[in-house]
Amino acid sequence: MARLVHAALVPELQRGKWARWIELERCLLDASETGDVLFAASVLRTMTEEIGRLSLIDLDAPTLANLAVGNEQQRARLRRYMGAAFVSLSNVTDETWMSHPAVKKAEKRIELTASCKAAVRELNGFVHPNYGSHIAVLYPEGREAASVLTKAIIAVYDQFYALPDAPTAPAPFPASSALAGSRETLVEAFIDERLMPVVASIPKLGIDTGAVKADLLYVPSFTYVDLGLAARILDDMPKTIGGSADDFRCWLGANLNNVVEIARARQAEVSASNTFIDEGSDLDRNLQRGIVALEMAAWATQAKLSSLKMQLVRQIVADQPLGVWLVSRALIEQWAFILWLPRTIAAALSEAGASDTRQGVAEAVAKIIEALSQYLSTQAGSVRLEQRPWAVNSEGNALGTARLPDITEDSFREDEFWNMSYSNGSNVMHGCSAQARALSVDRQGHIDMACKEGVLILARLSGEAGEILHFTQQLRRLQHAASPLECFADDNAARWNYGIGHSILRRGIDLTGKGTRADPYELAAHVDFYQAAHILAKELFETSRYSLEDGALMRTLDVLENGTWTEHWVFKEQEFWVKMPPFD
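In this report, the structure presented in the accompanying data block is examined. (Residues numbered from 1 in each chain as written. Predicted model: local features only at pLDDT ≥ 70, side-chain atom pairs only at ≥ 80, totals over all residues. Heavy atoms only, no water.)

Now for the overall build of the protein. Tallying secondary structure elements over the protein gives 23 helices and five strands in all. Accessible surface, the protein: about 25,000 Å² in total, of which carbon and sulfur atoms supply 54%. (Helix = DSSP H or I, 4+ residues; strand = E, 2+ residues; numbered from the N terminus. Areas by Shrake-Rupley, 256 points an atom, 1.4 Å probe, with all protein chains shown as cover.)

Below, the structure written as structure tokens:
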């Protein structure tokens, strides 16, 4: 019977056997060519599951027959073979996947060597928004992430070349010619060939193509600033030669804004290491820790978001269905934290503002440290990276651990689009959909579906771009909350610090300037930038319903000719410039 089953299954299993593998190989080449460490980690993590599946179905008829009459361990191996065959040949959905007894547990659908299992554990520290991914985006040229990726590649291909029919596997697809050229050329191709057809086919979505284009081009705010003025920020960035964005060692297509994001994150990471190395957890120390940790989180998050969005554009333009899903999944996970972390910190700061005791403030600030540690430190104790003070304690254990399902559930509780897109991306990554046989039968169908989903994700992100500013807003609140702690609700400055009290800005006292580019508004040092910005916006745009949280106000960074850093505010037909507080 086992031989008959084998004879019936093998022809079907061989049909399109390598289709998923060569898609992943193309993605890995793209990650290498673009210098995208995060994308490479996601691809390699998915390749471990695919090589596990290929190894699991690599049984000849005599071996299958022996397993059928063997001991319990051998019969378990036979059941894993049948489960893998089911997955490979069926149109698996979430329901059929979870209900099938042969594939209920993830380990039952793959067969990995010890080195591949070790690679999976290491890669898990990079494919989610946790410690490994932060290090990878901060130090793309560093040896730490490179070492993990190199070991994973060796492990995966050692197992691949152990397959008897590995020499018959076709070469990966050649690189798409559409990827040649500048960032501007790539974005134009995306807009014209991918975005506009979706806009035309689903007009009710009301996609703002101009906003999507502006978000992806992300034109540098340093037009009038030479690198001499920016030297303090860019001094530690790895360079090749020259002085433009192309001369920094960064991911392909990065502009000067993207380089600055990474540079600022690296500087904040150094400050965080220096601040967290001091022992103790008193209120003053925790406030300083919260400030440097949140600053690092804000810049690192923006840097990750920028690189992932451009990689998604590349994968869409190149018609790489698996690449689109893998990058989309990574983007959605990152977006969940972008929604969750600032809201969590804002709630804690409001709790501090409502307290009239130092102990109450201390407890609220401790919640901020806990939330930041959950974001920055998850898996810090389990990956073989340098253990930094802001990530681990003296015993080498992570300072915090986030449960990703809890974060995504909290962030996307009532958003069907994000929930469904995330589920689809996870199914593709773990081999529940877009299987080899399905790709070989209808690759174009998979391209169309994946690219449409990728376009909609980028459109949603451009429409919700204001969410990322909440990191900066909470950082400013935390910075102002760090001054005088000995006085609370009855003290004027403290009321500003914790976001309670004033409802108007006093001209000449709290606010100076005219709001033009030549003479931007400047908020006084004694007011909280976050709270004052709300008040100023309500005054300028004459609406009591206005809130910075609703995303109606577009706020972008603009550096003036004299080197002054400002926020450029645009609301409907009006625009104003507001001088930013000093970085240091």
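After presenting the structure, the write-up continues.
With that out of the way, let us pick up the pattern of salt bridges. Per the counting criterion, the structure on display carries 25 salt bridges. A salt bridge links Arg 53 to Glu 50, with the shortest nitrogen-to-oxygen separation between them at 2.7 Å. Here the residue Arg 53 and the residue Glu 50 both occupy positions in helix H3 (residues 37–56), the gap between them amounting to three residues, near one helical turn. According to the relative accessible area criterion, Arg 53 is buried, its value standing at 10%. Taking the relative accessible area as the measure of exposure, Glu 50 reaches 3% and is therefore buried. A salt bridge links Asp 406 to Arg 403, with the shortest nitrogen-to-oxygen separation between them at 2.7 Å. (Salt bridge = Lys/Arg side-chain N within 4 Å of Asp/Glu carboxyl O. Buried < 20%, exposed > 50% of the residue type's maximum accessible area, 1.4 Å probe, protein only.)

This part covers the environment of Ala 346. Of note, Ala 346 is situated in helix H15 (residues 321–354). C-alpha separation for the pair Ala 346 and His 470, spaced 124 residues apart in sequence, amounts to 9.0 Å. Those residues within four positions of Ala 346 in sequence are excluded, and the remaining contacts are Gln 474 and Arg 477. (Contact = heavy atoms within 4.5 Å.)

All right, on to the sheet that holds strand S5 (residues 574–579) then. Within the open sheet, the three strands sit side by side as S3-S4-S5. Their pairing is antiparallel. Two strands lie at the open edges of the sheet, namely strand S3 (554–559) and S5, each paired on one side alone. When strand polarity is set aside, the average angle formed by the axes of neighbouring strands in this sheet is 25 degrees. As judged from the six bridges shared by S3 and strand S4 (residues 565–571), these two strands associate in the antiparallel manner. (Pairing = 2+ DSSP bridges. Axes fitted to C-alpha atoms, helices over the stretch in contact; angles between N-to-C directions.)

Looking at the secondary structure, you find Leu 13 in helix H1 (residues 2–14). The exposure class of Leu 13 is buried, given its relative accessible area of 8%. For the pair formed by Leu 13 and Phe 86, sequence separation is 73 residues and the distance between their alpha carbons is 9.8 Å.

Turning our attention to the environment of Thr 472. Here Thr 472 shows up in helix H21 (residues 469–481). Taking the C-alpha atoms as reference, Thr 472 lies 10.0 Å from Ala 297; in sequence the two are 175 residues apart.

Okay, the side chain of Arg 314 next. With respect to the helices and strands, Arg 314 occurs in helix H14 (residues 283–317). In this structure, Arg 314 is buried with no salt-bridge partner, the nearest side chain bearing the opposite charge being Glu 33 at 5.3 Å. (Lys, Arg positive; Asp, Glu negative; His and termini not counted.)

Another aspect to go through is the packing of aromatic side chains. According to the stated counting rule, one finds 12 aromatic pairs in the structure shown. An angle of 75 degrees between the planes, with centres 5.8 Å apart, marks the rings of Trp 18 and Phe 160 as edge-to-face. Residue Trp 18 is located in the loop between H1 and helix H2 (19–34), and its partner Phe 160 is located in helix H9 (residues 143–161); the two are separated by 142 residues in the primary sequence. For the pair formed by Trp 18 and Phe 160, the shared burial category is buried. Ring geometry for Tyr 157 versus Phe 160: centroids 5.8 Å apart, planes at 75 degrees, classification edge-to-face. One end of the pair, Tyr 157, and the other, Phe 160, are both in helix H9, three residues apart, so they sit about a helical turn from each other. By the ring-pair criterion, three or more aromatic residues cluster together here, those being Trp 18, Trp 21, Tyr 157, Phe 160 and Tyr 161. If you follow Arg 289 out to its NZ or CZ, it ends over the ring of Phe 276, 5.6 Å from the centre. (Phe/Tyr/Trp six-rings, centres within 6.5 Å; stacked < 30°, edge-to-face > 60°. Lys NZ or Arg CZ within 6 Å of the ring centre and 35° of its normal.)

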